[in-house]
Amino acid sequence: MTDQTTSANYDYLSKLIVAYQSPYSRPDMPWRKTKDPYKIWISEVMLQQTQVVTVLNYYDRFIREFPNVASLAAATEDQVFRLWAGLGYYHRAKNLINAANIIVQEYQGQFPSDFNQLLTLPGIGKYTAAAIMSFAFNEQYPAIDANIKRVIHRLFAIEKLDEKHIWQLTLNLMKGKPSRVINLNLMDLGAMVCRAKNPDCLLCSLKTHCQAFIIGSQNVIPPPKKRREKQIIQVATGVIVKKGQYLIQKRPMKGLFPGMWEFPGGKIQSGEIPEEACIREINEELGIDVKIKQLLMTHKHAYTKFLVNLHVFICEIQKGKPKPKQAQQLRWADLEQLDDLPFPAANQKIIQQLKKEH
Ligand code: SF4
């Protein structure tokens, strides 16, 4: 079967997709049991760049705290970021709050059921809008994620396909079929059987109609992407202590971890030792001189695009009054208060270590 596939062939192939049952079990995904567009939206945003097992630890808690669009619109950034901490890509949480406010103000709290209206909301791109249209409203919209992309390439044995072409081929498979089922089954097939490496073709119920399998090209279609080595960044961080309280700063709303709290510090420059970098960074960020009392910990943290080697020091102020030069806000907080604030994952490790040593 090629791009010139007849409608009879499409029909047969889409019947196979509708009937598809994974030979492997997947974790129970609560967002698949609902047609509520709000809950589907939250799950889809959480799933961007994030694995299902990770999202499972966050989704229920988030929905319990913010069960609908009105409760999310009424939440503070700190409340939302605290529940998001550890999921990464924090601009997603900020976009959720902004979009919830727009839905409340401009759509009277009713979740839009129009693809083009969804696309105007912050953080909702073509994939998320299509997923909401399909999973919540069962409209014919292909939700093209990496799994569906790979399966479509292979089913039609086409090495290179642009987005428009993949969209059209998937849409053809949806004709007269429940789009929700086609999207979900293609996603599951890609995640569990039609994997990027070593697809399990012998267990695949689509193999009789899969062109890549028929010509033996399932391992080279689509061509594997070259992986880039992750950059390693050395960072020095200071935990400034005074009377049982710790000095923390709120990051700007732009850039990495927008609006989250952190301990001050930054990149170690070439030729610097971590202690020097810690003192310099704190002076640049807060306008104070600190003395290092001891090393609290070192910690390696992997982000999607880079690795961080964190050197964390307990410090005390020697001279000056801290002022936020780059941060939005500064404050002192005790261990209990640190727990109620949103911190990036690497900073949470510092809090855990402080608790251990307390
Ligand atoms: Fe993927 Fe193989 Fe199934 Fe084709 S036969 S869809 S390549 S798992």
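Residues numbered from 1 in each chain as written. Predicted model: local features only at pLDDT ≥ 70, side-chain atom pairs only at ≥ 80, totals over all residues. Heavy atoms only, no water.

Trainee: How do you make sense of the nonpolar core when you look at a structure like this?
Mentor: Generally speaking, nonpolar side chains in soluble globular proteins are found buried as a group. Core analysis: the largest hydrophobic core is formed by 103 residues, its most contacted members being W41 and F62. Once you skip the residues sitting within four places of it in the chain, F62 turns out to touch Y38, I42, M46, L72, V80, L83, W84 and L96. (Core = buried A, V, L, I, M, F, W, Y, C linked by side-chain atoms within 4.5 Å. Buried < 20%, exposed > 50% of the residue type's maximum accessible area, 1.4 Å probe, protein only. Contact = heavy atoms within 4.5 Å.)

Trainee: What is the right way to read the pattern of salt bridges from this model?
Mentor: Once their charged atoms are close, side chains differing in charge can pair, the charge on each being opposite to the other. According to the stated counting rule, one finds 15 salt bridges in the structure shown. E281 serves as the salt-bridge partner of R280, at 3.2 Å between the closest nitrogen and oxygen. Taken individually, R280 and E281 each receive the classification buried, so the pair is uniform in this respect. Among the ionic pairs, D339 bridges to K355, the shortest N-O distance being 2.8 Å. (Salt bridge = Lys/Arg side-chain N within 4 Å of Asp/Glu carboxyl O.)

Trainee: Can you help me understand the pairing of strand β5 (residues 289–302) in this one?
Mentor: Successive side chains on a regular strand alternate, one facing one side of the sheet and the next facing the other. Strand direction decides the pairing type here: β5 and strand β6 (residues 306–319), joined by 12 bridges, are antiparallel. When the sheet's bridge partners are listed, A302 is paired in β6 with L307. In this structure, the hairpin formed by β5 and β6 is closed by a connection of 3 residues. (Pairing = 2+ DSSP bridges. Helix = DSSP H or I, 4+ residues; strand = E, 2+ residues; numbered from the N terminus.)

Trainee: What's the story with the packing of helix α2 (residues 37–47) against helix α8 (residues 126–137) in this structure? I'm lost.
Mentor: Pairs of packed helices are described in terms of their axes, by the angle between the two and the distance that separates them. Here α2 crosses α8 at 140°, and the two axes come no closer than 9 Å. Classed by the angle they form, the pair α2 and α8 counts as oblique. At the point where α2 passes α8, the crossing takes the right-handed sense. Contacts from P37, I40, W41 and E44 of α2 reach α8 at Y127, T128, A131, I132, F135, A136 and F137. Here the residues of the contact of α2 with α8 are counted per class, giving 9 nonpolar, 1 polar and 1 charged. (Axes fitted to C-alpha atoms, helices over the stretch in contact; angles between N-to-C directions. Parallel < 35°, antiparallel > 145°, perpendicular 65-115°, else oblique. Left-handed = near helix turned anticlockwise from the far one by under 90°. Nonpolar A, V, L, I, M, F, W, Y, C, P; charged D, E, K, R; others polar.)

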